[in-house]
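Chain by chain, the residues run as shown.
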Amino acid sequence: MGRFDGRVAVITGAARGIGFGTAQRFAEEGASVAIIDLDEAAASEAAARLTSSAGEVRAIGIGCDVTDAASVDAAFERIVADLGGVHILVNNAGITRDNLLFKMTEQDWDLVMNVHLKGAFLMTKAAQKHFVAQKYGKIVNLSSVSALGNRGQANYSAAKMGVQGFTRTLGIELGPFGINANAVAPGFIATEMTDATAARLGLDVEEFRRLNAENNPVKRVGFPEDIAAAVAFLCSDEASYITGQTLYVDGGAKLVS
Ligand code: NAP
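Only a predicted model underlies this, so the values are computations on that prediction, with no experimental measurement involved.

Chemist: In this structure, what is going on with the pattern of salt bridges? I would like to understand it.
Modeler: For the structure on display, the rule yields 14 salt bridges. A salt bridge links Glu 238 to Arg 3, with the shortest nitrogen-to-oxygen separation between them at 3.3 Å. Note that Glu 238 is positioned in the loop between helix H8 (224–235) and strand E7 (246–249) and Arg 3 in the segment before strand E1 (8–12), a separation of 235 residues in sequence. Residue Glu 40 is joined to Arg 78 by a salt bridge in which the shortest nitrogen-to-oxygen separation is 3.1 Å. Note that Glu 40 is positioned in helix H2 (residues 40–49) and Arg 78 in helix H3 (residues 69–83), a separation of 38 residues in sequence. Assessed through its relative accessible area of 33%, Glu 40 is described here as partly exposed. For Arg 78, a relative accessible area of 34% puts it in the partly exposed group.

In structure tokens:
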């Protein structure tokens, strides 16, 4: 018996990185999984890579831009038609467009706000129709330690703190309908997103990871599996008395910064 047997989990930005690690965790624990990402081929290929020690995994990949309402609605139609419903939503899709404030363009501000905030809004609005009707749903939104402020990330930091306010409000509005909404705020996680930051700073990836490992009490970087474990707990029925919270999963980085 897996914790998510009979459940359908939808994870955005899940063709790789934290999203894929989370999709893999849900698949291993019995869920059917919808992998949403910008590129349909990458999403389908990721869905085909999911494995479970219990046997075959039911998974689909859907090309969808979470900032586009029509694309989001079409994705939910396919999920319900192919997987039979929806019980869990993880708003994970994300981008960075880092720059110091005086060099940050209006377009970089809008892009980051759109993917993290409008994307989570549209996906959650589409999901809650199903969740409210069935009086059951789990939502986890990806925030970040950068919500607390980070040089070169005025746009990303504002969006990620916005995610926390969004999550608290979902907790208030949706709790009476059997729906839990929480956020996970990762510290440094080894993915293509942080590899791209290393490249932008002109640093070797391993050196960048070593420097970031030194910045937290547990003296290692995080991996997608670390975030997947926290997301899975918050989506489990054991966590049904937890809502509107943000859980920092950062090796203690927030404690010492
Ligand atoms: P990642 O490796 O860059 O993966 C993000 C995925 O989201 C990519 O596959 C990307 O597709 C997809 N995506 C971007 N825009 C999208 C859109 N409009 N619609 C659908 N999919 C979209 O990132 P990650 O490191 O796994 O991060 C996942 C989440 O955790 C993000 O919200 C990020 O902000 C957050 N986070 C990460 C870290 C970290 O250290 N890695 C720390 C704190 C928080 P394309 O490749 O096609 O653009």
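Chemist: How should I be thinking about the side chain of Thr 191 in this particular structure?
Modeler: When you line up the elements, Thr 191 lands in the loop between strand E6 (179–186) and helix H6 (192–201). The contact partners of Thr 191, leaving out residues within four places of it in the chain, are Gly 17, Ile 18, Arg 209 and Pro 224.

Chemist: Mind showing me how you'd approach the nonpolar core here?
Modeler: In summary, soluble globular proteins display a tendency toward joint burial of nonpolar side chains. Membership of the largest hydrophobic core comes to 32 residues, with the highest contact counts inside it found for Val 10, Ile 36, Ile 79 and Met 123. The dominant element in this core, judged by the number of residues it contributes, is helix H4 (residues 106–134), at eight residues. Residues within four places of Ile 36 in sequence aside, it is in contact with Val 10, Ile 11, Thr 12, Gly 13, Ala 14, Ile 62, Cys 64, Val 66, Ala 75, Ile 79 and Met 123. With 30 residues, the next largest nonpolar core counts Ile 11, Ala 14, Val 33 and Ile 88 among its residues.

Chemist: How do you make sense of a nonpolar patch on the surface when you look at a structure like this?
Modeler: Together, Leu 201, Leu 203 and Leu 211 make up a nonpolar patch on the protein surface, roughly 220 Å² of accessible area in all. Considering the arrangement of structural elements, one finds Leu 211 in helix H7 (residues 205–214).

Chemist: Mind showing me how you'd approach the environment of Asp 82 here?
Modeler: With respect to the secondary-structure elements, Asp 82 resides in helix H3. Taking relative accessible area as the criterion, Asp 82 reaches 40% and is therefore assigned partly exposed. Between the C-alpha atoms of Asp 82 and Arg 3, which are 79 residues apart in sequence, the distance is 21 Å. For Asp 82, the contacting residues outside a window of four places in its chain are Arg 58 and Ile 60.

Chemist: Teacher, can you tell me more about the pairing of strand E4 (residues 88–91) here?
Modeler: In the case of a regular strand, side chains alternate between the two sheet surfaces. The alternating pattern of E4 places Ile 88 and Val 90 on one face and Leu 89 and Asn 91 on the opposite face, and all of these are buried. Here three bridges tie E1 to E4, and the two strands are oriented parallel to one another. Note on E4: the bridge partner recorded for Ala 9 is Ile 88. Sheet topology note: the E4/strand E5 (residues 137–142) ladder contains four bridges and is parallel. Looking across to E5, one finds that Ile 88 is bridged to Lys 138. Between E4 and its parallel partner E5, the chain crosses via H4, and the hand of that crossover is right-handed.

What counts and how
Residues numbered from 1 in each chain as written. Predicted model: local features only at pLDDT ≥ 70, side-chain atom pairs only at ≥ 80, totals over all residues. Heavy atoms only, no water. Salt bridge = Lys/Arg side-chain N within 4 Å of Asp/Glu carboxyl O. Helix = DSSP H or I, 4+ residues; strand = E, 2+ residues; numbered from the N terminus. Buried < 20%, exposed > 50% of the residue type's maximum accessible area, 1.4 Å probe, protein only. Contact = heavy atoms within 4.5 Å. Core = buried A, V, L, I, M, F, W, Y, C linked by side-chain atoms within 4.5 Å. Patch = residues over 30% accessible without salt bridge, like charges linked within 9 Å, V, L, I, M, F, W, Y side chains within 5 Å. Areas by Shrake-Rupley, 256 points an atom, 1.4 Å probe, with all protein chains shown as cover. Pairing = 2+ DSSP bridges. Right-handed = clockwise from strand over helix to strand, strands pointing away.

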